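# Structure assessment
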Amino acid sequence: MPLSAPVISCVQKLVLYETRARYFLVGSNHAQTKHRVLKIDRTEPKDLVIIDDKHVYSQQEVRELLGRLDLGNRTKIGQKGSSGLSKAVSAYGIVGFVRFLEGYYIILITKRRKMADIGGHSIYKIEDTNMIYIPNDSVRIAHPDEARYVRIFQNVDLSSNFYFSYSYDLSHSLQYNLTLLKTTCDLVKTEEVFTHNRQDSFDIFEDEGLPTQVVYGIKNEPYAKYVWNVKLLEKIKETVHPDWLMYIIHGFCGQSKLLIYGRPVYVTLIARRSSKFAGTRFLKRGANCEGDVANEVETEQIIHDASVMSFTAGSYSSYVQVRGSVPLYWSQDISTMMPKPPIRLDQADPYAHVAALHFDQMLQRFGSPIIILNLVKKREKRKHEKILSEELYPAILNLNQFLPPEHCIDYIAWDMARYTKSKLCNVLDRLSLIAENVVKRTGFFVNRPDFYCHTLRPDERWGDLGGYVTASGCMQTGVLRTNCVDCLDRTNTAQFMVGKCALAYQLYALGMIDKPKLQFDTDCVRLFEELYEDHGDTLSLQYGGSQLVHRVKTYRKIAPWTQHSKDIMQTLSRYYSNAFSDADRQDAINLFLQVFQPSELKPHLWELPTDFYLHQKNTMMLPQERRSYTFWWTEGILSYLPLPYDEVPCDENREKVMVKRLNRYDESIDTYTEFFKPYELSCFDDTFCLAMTNSARNKSSKEEAVLQRKTAASAPPPPSEEAISSSSEDDSGTDKEEEGAVSQRSTPVKFADSGDSTRGQEDFLQHPMKETYGLNLCDFPEEKDMLIYHRFVHLGQNQHKVERSRPMTDSRQSENFINLHPVSFFSQDSLYEVQLPKVDKESREIFENHIRVGRGLIQTLCREDVLMYREYIKNRYM
C-alpha cells in the first residue's frame, strides 16, 4: 500500500566504512544534510546481521559518530599511525545482498549516468558496481565452488541496461503514478500534515534552495514482476528503513528532445523487462505454469512539455504496449545446431489454462480490451510458425466464452513476413490501419482535461477515441499485445507504427500539432524512429544475442544496399550467441534472480540437466492441491470488469458461493463436480446443476464416476501437435485463416479392477469437496444462499415432473446433461436471474462425448483416429 507522504525518500549517496568487526554504511540525501547509518556484522561467517537504528543524523552528528568509531577501534589508545576506521568505497545505492556457499556479499552502485528526467525526477543508468564480501577473513569458511558461483553471478552485467530512480517508481506506468499522486496530494492539503510528513524524509532539491512543493514523490510498493532485485533485497526488507531500499529495472530507457513550432517537447521511452520466466532466446520460449511468458516487455512512451516540469502543473501523456512470447507450452531444441530448430508443443493444454493465467494478469494490470496482434507466418511449405497460430486461436476462442462480449479478447492475425515479400503490398500502410484501430480502442493517458488544439481545430477522428475520460483528463484502458515468434524484429516495427500513431494523438491532445497525424521523413518521426530502433536493438541483444536484423527502413524498402551485409552479420552473431553463450547467460540470470539458490544439500547449478523445474513451480503438485477456477479470471479484477452474473457481490469469491450451493443438493453431485470441472462452459449454472441432480439419483452413478476417474489416468495420451505437424505435407497452397478450434476425439479407456475402484471410491468420498476447493463444508449456509436453494428446488421439482412424463431413453438421459437452455429458470422479477452464455456446437459435442464416456458408452475408433494414433506412436517412440 502506498504511504501518504509526497516526499522523496531514498538515500542517494553512500559511503562504506570498515573495521575488523563491522561495516558501517552511511547514507545521505543529495545535499548531505540528513544521514542514516547501517551497521553490518562481519563476525558471522554465513548469516547476515544488520542493525538499523532508523535515526536521522545531521552532518555534524555523523562526523562525531565516525570519530568515536575511529578512536574506539584503534589498536592502542592515542595511536595516530593506524586508523581503526577506514573508508572502503563510495556508492550511489544498494542493489542487494546475495549468498552462495560461503558468507554474504553486498552489491553497491559505484557509477551512474542520468538518462532521462520526468517531472523533475531523474532516471539513472547503472554504469558500474562493486561486489564486496562481508565476513572478515578470520572467520571465513572457504568452499571450493564459491569462486565459480561468483563468476556466474557476475556474468549478469549490471552496467548494461539496468535503471533506477530515487524518487520515481519505474515499475509502474506514468498513469498509475500520477493517479496515485493526485489522490495522495488531495490528502495533504493542510500545512500541519505536510510538515509532519517532511520530518523524516529526504529532499533532492534541498541543496538548490527550491521549495519542496515543486516536486512530489510517492513511496509506493513496486510491481515485483518488473523489478530485478526483489530477491536480493528480501533479506533486509523487514529489517531496515524503507529509505535504504532501491529497486532496479532491466530493459531500456531513452529520452529525446523535440522542437515543435519552437515548443520544447520531451519524448521518453521506457521498456520494462519481466523478471518472471526470464532468459535467452531458445532457452525460454512460451509460458510457464503460472502464466508468465518469455521475453515479456512493457514499453511506455511518455510525452511532456519541457517548459513546465512539475507533475501538478505540467502537461503529460503516456501510452503503453506489451510484447511477449506466445502464451503456450512450446519450445525449440537447440541441440540439433540448426538455425531454425523445429517448434514443438511440450504439453497438451486443451482448456487453455496457461493462456488464461497470462491474460488474467493482463486484465488485472490494464483492464479491457486486450488486443492481440499475432505476426507469425500462416503460409509455409512445412509447418513451423503456423503451429503456434493453430494452437493460440482456439485458446482465445475458448477463453472468450467466459467473458462478457464487451470485454472479450480481440485477436488480429496478420502474416507480416508474407506481406513483406509482396511487391504490391505496403507493410507499413497496413500496420498504420491496425495502429489507428488499436489506439482508438484503448485510448491513452493525458493529465489535462482541456484539449486546446481540439477546441480550436476539431478533428473527426477524435470523436470515437476510446479510453476512460475523467474530470482531470483521459486514461488508457486495455493494451495491445504484439508477438511474432521471437518478439524482436517484426514486433519492434509493429510497435513503432502503433507508437507513431499514438504519438500523433498525444501531441494533438497537448496542443502541439493541428491534427492527429504525422508523416514520415519529418524531424519528429525520424527522432522517434531512432529512439525505437535503439529500444529494439537493446531488447534484441538481451534476448537474442544480436541487434535487430530487420529494421523499419527494411520494411519501408528504403534501406541502403550495405544494410544487407549488416543483416547477415547480425544473423550470424545471433546464431553464435544462441549456440554457444546462451546457456551461460541463462545460468547467470537464474542465479541473479535467485530462481536457483545454491546449497550444499542439492546439486550445483552447472550439474542440472535443465532448469525446467526452477521455472515451473507446481509441476510436482498433486491434483487436489491445484485450484480450479470456475471463472478463469481472478477475484482481483471483479471490481472493474462487469460480469454476466449479478447475484453475487463483487467482493465475494463467486466460486465458493457456487460450490456451496452445488454441495447442498446431493452428496453424489460431489463426484460429478470433481469429474466435470474442466468441462464447465461458464459456471455451475442452475440448469446444469438440475440436470446433474436428476441423473445423480441413479444408484450406480457414483461407481461410474469414480471408476472413470481412476481409469482416466491409464488412458494413452492424445496425439501431440508436434506429431501431427511433423507428418504434414507441403501446405503452401493453403492460406486459410484459423477459424475454429481443433476437433476433439474420444480416446479408448482401459477399465481398472473392481477392487481398486471400490478402494478409490472410499478414499474419494471421504473428502471430495474439501480437498478440491479447500472449503469448510460443516458451516451452515447463509440465509441468502438458502433462499436461492429453495427457489431452485421448487422450480427443479416442477421441471422434473415435466421430464418424467417423457420416455427416458439413453439419448434422453444424455440430453438432460447437455441441453443447456439459453434463459434462466427464474422468473423475470427475481433478483437472482441468470443469463447463460451461448454455447457453440463444437463445445456441445465435446461435452456430449465426455458424458458418454463417463457413462461407459465408448465410441469405436474411426479410420482417421487409428492413423493419427499410429503416426503419434511412430514419431514419439520409434
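None of the values given here were measured: they were computed from a predicted structure.

What counts, and at which threshold
- Numbering of residues begins from 1 in every chain and follows the order in which that chain's sequence is written.
- Owing to the predicted nature of the model, reporting of local features is limited to residues with pLDDT of at least 70; listing and counting of side-chain atom pairs is limited to 80 or more, with chain, interface and lining totals taken over all residues.
- Where side-chain values are given, they derive from all heavy atoms of the structure, hydrogens and water being excluded.
- Put simply, DSSP marks the helices as runs of H or I at least four residues long and the strands as runs of E at least two long, and each gets a number from the N terminus on.
- Relative accessibility decides the category of a residue: with a 1.4 Å probe and only protein chains considered, values under 20% of the type maximum give buried, values over 50% give exposed, and everything between is partly exposed.
- Throughout, a contact is declared for two residues whenever any of their heavy atoms are within 4.5 Å.
- Every accessible area reported is derived by Shrake-Rupley at a probe size of 1.4 Å, with residue values counting cover from the shown protein chains alone.
- By definition, a salt bridge exists where a carboxyl oxygen of Asp or Glu is found within 4 Å of a side-chain nitrogen of Lys or Arg.
- Paired rings are identified among Phe, Tyr and Trp, the last through its six-membered ring, by centres lying within 6.5 Å, and are further divided according to the angle between planes into stacked (under 30 degrees), edge-to-face (over 60) and tilted (the rest).
- A ring is scored as having a charge over it whenever the NZ atom of a lysine or the CZ atom of an arginine sits within 6 Å of its centre and within 35 degrees of its normal.
- Patches draw on residues past 30% relative accessible area with no salt bridge. Two like charges within 9 Å are joined, as are two nonpolar side chains (Val, Leu, Ile, Met, Phe, Trp, Tyr) within 5 Å.
- The span expected for a helix works out to 1.5 Å for each residue beyond the first.
- Regarding the arc, it is the one traced by the directions from the helix axis to the C-beta atoms.
- Axis lines are fitted to C-alpha atoms, over the contacting stretch for helices. Their N-to-C directions set the angle, which ranges from 0 to 180 degrees.
- When describing relative orientation, an angle under 35 degrees is termed roughly parallel and one over 145 degrees roughly antiparallel, while 65 to 115 degrees is termed roughly perpendicular and anything else oblique.
- Note on convention: the crossing is left-handed when the near helix lies turned anticlockwise from the far helix by less than a right angle, right-handed when the turn is clockwise.
- Among the buried residues, those of types Ala, Val, Leu, Ile, Met, Phe, Trp, Tyr and Cys that are joined through side-chain atoms within 4.5 Å form a nonpolar core.
- When DSSP locates at least two bridges between a pair of strands, those strands are taken to pair.
- Residue-level confidence of the predictor is summarised by pLDDT, bounded by 0 at the bottom and 100 at the top.

## Topic: the overall build of the protein chain
Within the protein chain, the regular secondary structure consists of 26 helices and 21 strands. Residues classed as buried in the protein chain amount to 53% of the 878 residues present. Relative to all contacts within the protein chain whose residues are 6 or more apart in sequence, the contacts with residues 24 or more apart total 74%. Total accessible area on the protein chain is roughly 41100 Å²; 52% of this is exposed by carbon and sulfur atoms.

## Some remarks on the pattern of salt bridges
Inspection of every chain in the model, using the stated rule, returns 28 salt bridges. Glu-390 is the partner of Lys-383 in a salt bridge, and the nearest nitrogen-oxygen pair spans 3.1 Å. Lys-383 sits in the partly exposed class, given a relative accessible area of 21%. The class for Glu-390 is buried, based on a relative accessible area of 18%.

## Here's the deal with the packing of aromatic side chains
Evaluated as defined, the whole model comprises 23 aromatic pairs. Geometrically, the ring pair formed by Phe-496 and Tyr-532 is edge-to-face, given 6.0 Å between the ring centres and 70 degrees between the ring planes. One end of the pair, Phe-496, is in helix H11 (residues 489-509); the other, Tyr-532, is in helix H12 (residues 523-543), with 36 residues separating them in the sequence. Judged by its relative accessible area of 0%, Phe-496 is buried. Tyr-532 gets classed as buried once you look at its relative accessible area, which sits at 1%. Taken together through their ring pairs, the aromatic side chains of Phe-100, Tyr-105, Tyr-133, Tyr-149, Phe-153, Phe-162, Trp-228, Phe-592 and Trp-606 make up a single cluster. When the ring centre of Tyr-23 is taken as reference, the NZ or CZ atom of Arg-42 above it lies at 4.3 Å.

## A word on a nonpolar patch on the surface
A contiguous nonpolar patch, built from Met-337, Tyr-575 and Phe-580 and spanning about 290 Å² of accessible area, is present on the exposed surface. In this fold, Met-337 is placed in the loop between strand E14 (330-332) and strand E15 (343-345).

## Quick word on helix H25 (residues 841-854)
Compared with the 20 Å implied by 1.5 Å per residue over 14 residues, the 20 Å span of H25 between its first and last C-alpha is a close match. Within H25, burial applies to Ser-843, Phe-847, His-850, Ile-851, Val-853 and Gly-854. Taken down its axis, H25 places every buried residue within 165 degrees of arc, on the same side. Note on H25: the residue one or two positions beyond its end, Gly-856, has a positive phi of about 85 degrees.

## What to know about the packing of H11 against H12
Between H11 and H12, the least distance of the axes is 10 Å, while the angle of their chain directions is 140 degrees. With respect to their mutual orientation, H11 and H12 come out oblique. Seen along the crossing, H11 lies across H12 with a hand that is right-handed. Residues Asn-492, Gln-495, Phe-496, Gly-499, Lys-500, Leu-503 and Leu-507 of H11 pack against Cys-524, Val-525, Phe-528, Glu-529, Tyr-532, Glu-533, His-535 and Gly-536 of H12.

## Brief notes about the nonpolar core
Membership of the largest hydrophobic core comes to 68 residues, with the highest contact counts inside it found for Ile-118, Leu-174 and Leu-507. Looking at which element gives the most residues to this core, the answer is H11, with 12 residues. With sequence-adjacent residues up to four places away left out, Ile-118 is seen in contact with Ile-123, Tyr-168, Leu-174, Thr-268, Ile-270, Ile-302, Phe-311 and Tyr-316. In terms of nonpolar packing, the next biggest core, distinct from the first, is built from 34 residues, Val-95, Leu-101, Tyr-124 and Val-150 among them.

## Regarding the sheet that holds strand E5 (residues 86-91)
Taken together, the 5 strands give an open sheet; going across it, the order is E4-E3-E2-E1-E5, and neighbouring strands pair in antiparallel fashion. Edge positions in the sheet fall to strand E4 (50-52) and E5, since each of these pairs with one other strand and no more. Here the average twist between neighbouring strands, direction ignored, is 20 degrees. Note that strand E1 (residues 13-18) and strand E2 (residues 22-28) share 6 bridges and pair antiparallel. Within the sheet, the bridge partner assigned to Leu-16 lies in E2 and is Leu-25.

## Topic: the confidence of the model for the protein chain
The pLDDT averaged across the protein chain works out to 75; a share of 67% of its residues lies at or above 70. Low pLDDT (under 50) marks residues 189-217, which in the prediction has 62 contacts with non-local residues, meaning those over four places away or in another chain. The model gives residues 638-774 a pLDDT under 50, and that stretch makes 263 contacts with residues more than four places away or in other chains.

## Brief notes about unusual backbone geometry
Omega for the bond connecting Ser-368 with Pro-369 falls within 30 degrees of zero, at 5 degrees, which places this linkage in the cis form. Here Phe-277, not a glycine, exhibits a phi torsion of approximately 55 degrees, which is positive. Checked against the element boundaries, Phe-277 lands in the loop between strand E11 (263-273) and strand E12 (297-305).

## Brief notes about the pairing of E1
The turn linking E1 back onto E2 is made up of 3 residues. With 5 bridges connecting them, E1 and E5 associate as antiparallel partners. Counterpart to Leu-14 in the pairing with E5 is Ala-91.

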